[in-house]
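The residues making up each chain are set out below.
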Amino acid sequence: MKLFRFGLICIFLTPSAFGQLTARNPVDELKDQLTRALEEAQVPLTSDQERQLALLIEEERQAAENLFGETWDFSQGPPQGEQQDQALAGIRWMYDEMKNRLPVYLNEAQRAAWESYQREQNAAFYEEDSPDAVAGSGRIQQIRVTNNAFNVETATAGGSRGLAEGGARTEVIERGGIGAFHGNFRLTFQDESLNARNPFADNKPPYYERTINANVSGPIIRDRLSLNFTADDNKQENVGTVQAETLDGPFSLGVTRPTLNRYYDLKSVLQLADAHSLITSFQYATADRKNENVGDFSLPERASRTQGQNYMIDLREISILSERTVHDLSFRWTREHGETNPFSDATKINVKGAFEAGGAQNRSRTDRDIYEVSNLIYFAGDRLTMRSGVQAWHLRNRIDSERDFFGEFTFSDLDSYRAGQPLQYSITCCDSLFEMSQTQVAFFSQNDIRLTNTFTLMLGARYQMQTNIRDRNNFDPRIGFAYAIGNATVIRGGTALFTGWLTANFIERYGRVDGEQRYQIQIDNPGWPDPSTSGSIRPRSFRVIEPDLKAPYYWVSQVAVERSLPNNLFVTVAYDVSRGVKNGRTRDINAPLPGSDVRPQPDKGQIAQLQSSGGSLHQHFKATVRQRFSVFNVTADYLYFRGKSDESIRARGSDVELPTNSYDLSQEWGTHQNPRHTFNAGVNSRLPLDVYLTTVIEARSGRRYTITTGKDDNNDGSINDRPAGVPKNSEVGPHFFNVSFNFSKAFEFNGGGALQGGSSSGPQLNVFANLNNAFNMTHPGTPSGVMTSRFFMRSFNATSPRTIEAGMRFQF
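Let us look at the structure shown here.

### Digging into the pairing of strand E20 (residues 518-524)
Line of reasoning, step 1. In terms of residue burial, E20 counts as a mostly covered element, since five of its seven residues are buried.
Line of reasoning, step 2. The sheet contact formed by strand E15 (residues 424-430) and E20 spans seven bridges and is antiparallel. Note that in E20 the partner of serine 426 across the bridge is glutamine 522.

### Some words on the nonpolar core
Line of reasoning, step 1. One finds Ile349, Val351, Phe355 and Tyr417 to be the most contacted residues of the largest nonpolar core, which totals 17 residues.
Line of reasoning, step 2. The contacts of isoleucine 349, once residues within four sequence positions are left out, are Arg302, Phe355, Glu356, Ala357, Phe409, Phe411, Tyr417 and Trp528.
Line of reasoning, step 3. Counting 15 residues, the second-largest nonpolar core is a separate cluster that includes Ala37, Leu45, Leu53 and Leu56.

### Some points on the sheet that holds strand E14 (residues 408-411)
Line of reasoning, step 1. With mixed pairing, six strands are arranged side by side in an open sheet as E11-E10-E14-E15-E20-E21. For this open sheet the edge positions go to strand E11 (355-357) and strand E21 (536-537), each flanked by a neighbour on one side alone.

### Description of the packing of aromatic side chains
Line of reasoning, step 1. Following the criterion strictly, the structure yields 20 aromatic pairs and no others.
Line of reasoning, step 2. Ring centres of tryptophan 114 and tyrosine 117 lie 6.0 Å apart, and the angle between their planes is 15 degrees; on these two criteria the pair is classed as stacked. Here tryptophan 114 pairs with tyrosine 117, and both are found in helix H5 (residues 108-125), just three residues apart, close to one helical turn. Take tryptophan 114 and tyrosine 117: they sit in the same class, and that class is buried.
Line of reasoning, step 3. Each ring, one from phenylalanine 741 and one from phenylalanine 775, has its centre 6.0 Å from the other, and the planes form 90 degrees; the classification is edge-to-face. One end of the pair, phenylalanine 741, is in strand E32 (residues 736-748); the other, phenylalanine 775, is in the loop between strand E33 (764-772) and strand E34 (803-811), and 34 residues separate them in sequence.
Line of reasoning, step 4. A connected cluster of aromatic rings, assembled from ring pairs, spans Phe355, Phe409, Phe411, Tyr417, Tyr425 and Trp528.

### Things to note about unusual backbone geometry
Line of reasoning, step 1. Look at the link from cysteine 429 to cysteine 430: it is a cis peptide, with omega at 15 degrees.
Line of reasoning, step 2. With respect to the helices and strands, the residue cysteine 430 is situated in strand E15.
Line of reasoning, step 3. In this structure, proline 529 follows tryptophan 528 across a cis peptide bond, with omega equal to 5 degrees.
Line of reasoning, step 4. By the element assignment, proline 529 lies in the loop between E20 and E21.
Line of reasoning, step 5. For asparagine 715, which is not glycine, the phi dihedral falls at a positive 55 degrees.
Line of reasoning, step 6. Secondary-structure assignment places asparagine 715 in the loop between strand E30 (704-705) and strand E31 (731-732).

### Let's talk about the state of the cysteines
Disulfide: a covalent bond connecting the sulfur atoms of a pair of cysteines.
Line of reasoning, step 1. Counting across every chain of the model gives one disulfide.
Line of reasoning, step 2. The residue that forms a disulfide with cysteine 429 is cysteine 430, at a sulfur-sulfur distance of 1.6 Å. Measuring the twist about the S-S bond at about 70 degrees, one finds the cysteine 429-cysteine 430 disulfide to be right-handed.
Line of reasoning, step 3. Residue cysteine 429 is classed as partly exposed on the basis of its relative accessible area, which comes to 24%.
Line of reasoning, step 4. Residue classification places cysteine 430 among the partly exposed residues on the basis of a relative accessible area of 41%.

### Observations concerning the pattern of salt bridges
Line of reasoning, step 1. For the structure on display, the rule yields 31 salt bridges.
Line of reasoning, step 2. Aspartate 367 is paired through a salt bridge with arginine 365; the nearest N and O atoms lie 3.3 Å apart.
Line of reasoning, step 3. By relative accessible area, which is 21% here, aspartate 367 ends up partly exposed.
Line of reasoning, step 4. By relative accessible area, which is 39% here, arginine 365 ends up partly exposed.
Line of reasoning, step 5. Residue aspartate 603 pairs with lysine 604 through a salt bridge whose shortest N-O separation is 3.6 Å.

### What about the pairing of E34?
Line of reasoning, step 1. Judged by which residues are buried, E34 turns out to be one-sided: Thr803, Glu805, Gly807, Arg809 and Gln811 face inward and are buried, whereas Ile804, Ala806, Met808 and Phe810, on the alternate face, are not.
Line of reasoning, step 2. In this sheet, E34 lies alongside strand E3 (residues 182-191) in antiparallel orientation, the contact comprising six bridges. Looking at the pairing, phenylalanine 189 lines up with alanine 806 of E34.
Line of reasoning, step 3. Bridge analysis of E33 against E34 gives nine bridges, and the strand direction is antiparallel. In the sheet register, asparagine 772 faces E34, and the bridge partner there is threonine 803.

Analysis parameters
Residues numbered from 1 in each chain as written. Predicted model: local features only at pLDDT ≥ 70, side-chain atom pairs only at ≥ 80, totals over all residues. Heavy atoms only, no water. Buried < 20%, exposed > 50% of the residue type's maximum accessible area, 1.4 Å probe, protein only. Helix = DSSP H or I, 4+ residues; strand = E, 2+ residues; numbered from the N terminus. Pairing = 2+ DSSP bridges. Core = buried A, V, L, I, M, F, W, Y, C linked by side-chain atoms within 4.5 Å. Contact = heavy atoms within 4.5 Å. Phe/Tyr/Trp six-rings, centres within 6.5 Å; stacked < 30°, edge-to-face > 60°. Disulfide = S-S within 2.5 Å. Salt bridge = Lys/Arg side-chain N within 4 Å of Asp/Glu carboxyl O.

Now the structure itself:
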């Protein structure tokens, strides 16, 4: 144990250290060090003190694990350089922070024994001028730890994997002009010669991908200014498959989708004074994507190309007002520009469940400016931690779109196409330009109160409002707690409201087709190929937003148990339930009356109205296991998801999703598409000859899909009808199982030999290979649910077969 402190901070700093020193979380090691020191002094911790320390340890564990875990990522060779330095400095900062908090939990005799032990350790292993002391004490300005899943700084209730994705976070704020100068240069490559053929394609198209990444960082002016420059250039020709049924028979083709993405980021940290720093960042990115939209049922003639540029300027000023109080002010401006051009403007031809031909008809130009401002006051006291502030966003959109301006035929099946009997023809007219702006403002305050050494109460509130809707009743109370019930077990829980935003995409989607400047014309049973020769023309169709639209909100509750077990084993089990209220969904408020073809307003066609009448109910059960050994790092998590909803999402090939029956919305309450079971596991390990192996295992049950008739049975203009008595998402697609490997080997240039133990302070070259889908398993996609398709209840695509990527990384 006398070598513990040296090992804790210097992991990976010397080649011989790795594999011989502790692989445990530094927070756990500090607790063991304290226990040993007090036992040697014959003033051991009491059972009540053990329970009190459990909460303190768990509060810091997750944040320390995020930093500590970076030094265990071998996916491209052993970490080094900037990544390693930041992680180690963060570990040291948190180690010292927690060490300073420990005396509160000790009696007088214990404090004396602990202070004596620390003096011995410091004298033995940390000279005042040592690089470790400088890196640990000077580089990190502050680390903010938020283990509260109900964090008031976010309006997001969590993703499909549950609330744990929400507010918990760890943020490292560094000082300017501190640290060493580092460089990191990486190249990866793969082509079709290393990859397997997709089983759903008859050919093996050319494939190519390479990525060049460079990063240089370090102090420019000592103790004053640091710069960090990153450049990333990625060129790839992704492979997809077209699996369709045409008049000439089955059509199967492997296709490529060339893309070129470039990204540049220049970041600086200027230390204005000892307590004030200015962080600036400038980012520029370009994207060029060709052959979009081709794949599945879409034939190559449906291709389009999108090009875009993105600029971002970020300014952030951090002031340390006192030892416990920090003021954080930031401003960000983002400019986005994108253009999409189809290879053809030909009339679209959609044959349900068979093929999609004609032009993409998605010509558009988008210019967007986003302004973001946030102001935060952060206070960390002995018993109270407070975060209060304001956030504001302003967005301006200018969209010039000719989507569906050249007409679209829809056929119910291949036989009707062969007979020249389309089911429907639609065309959008007339004004292509749409402009809008939106402002959002949020105020929040979070107070975490340590009522006792074993119980912390978290009280927060958030209020937000936005333009484009009149709803102002958006107050979100949030309450959480953390309670230590033993010397290694903590229970966390709480309940909260999360009010969502009505995003600008929704406003644009419904506002641009307003019935005046832009509308849709539909013909039932039109002529072919000239739609005007027969059929019945419907009046103009358009979209509206409900005048009294409400912002959606989610009532979320969670309980979680965190448990530390022997042998470096850490287990977390969590359950949360989320009920969505006032969720957005679309209804045709002018749908034909039940049992007839007559609309309430005969002079108008379909009126798709966005309403706040939807709902959802999601439940998540998640278990995570993590264990560290001297040569292994094992992480595994399992997620059980159960959810239902009747909210609208964007349907493929259209802008809005309408219910099958606009007069009986109860039929839309159905099971969510997400897989019921998901399992992920990863193992980082060191093999003989200092070869590193990363193994990733993924498994999940099938995604759900919906059975449709392929016809407009109720004559409401939407071809989405289901058979009688068949609910939404009634069927389950194929399951998924995948195993991938990464092998890496590092060489150092100091002495020209292989690394002994995985890291070095000198220049280093890593060579690695990624084997994705290593066993070349076939992963069928979600089947077609269209009853008129020959692919009905059969998969018509598959995810990537085995691919092999080779690469190298040089770092210093």
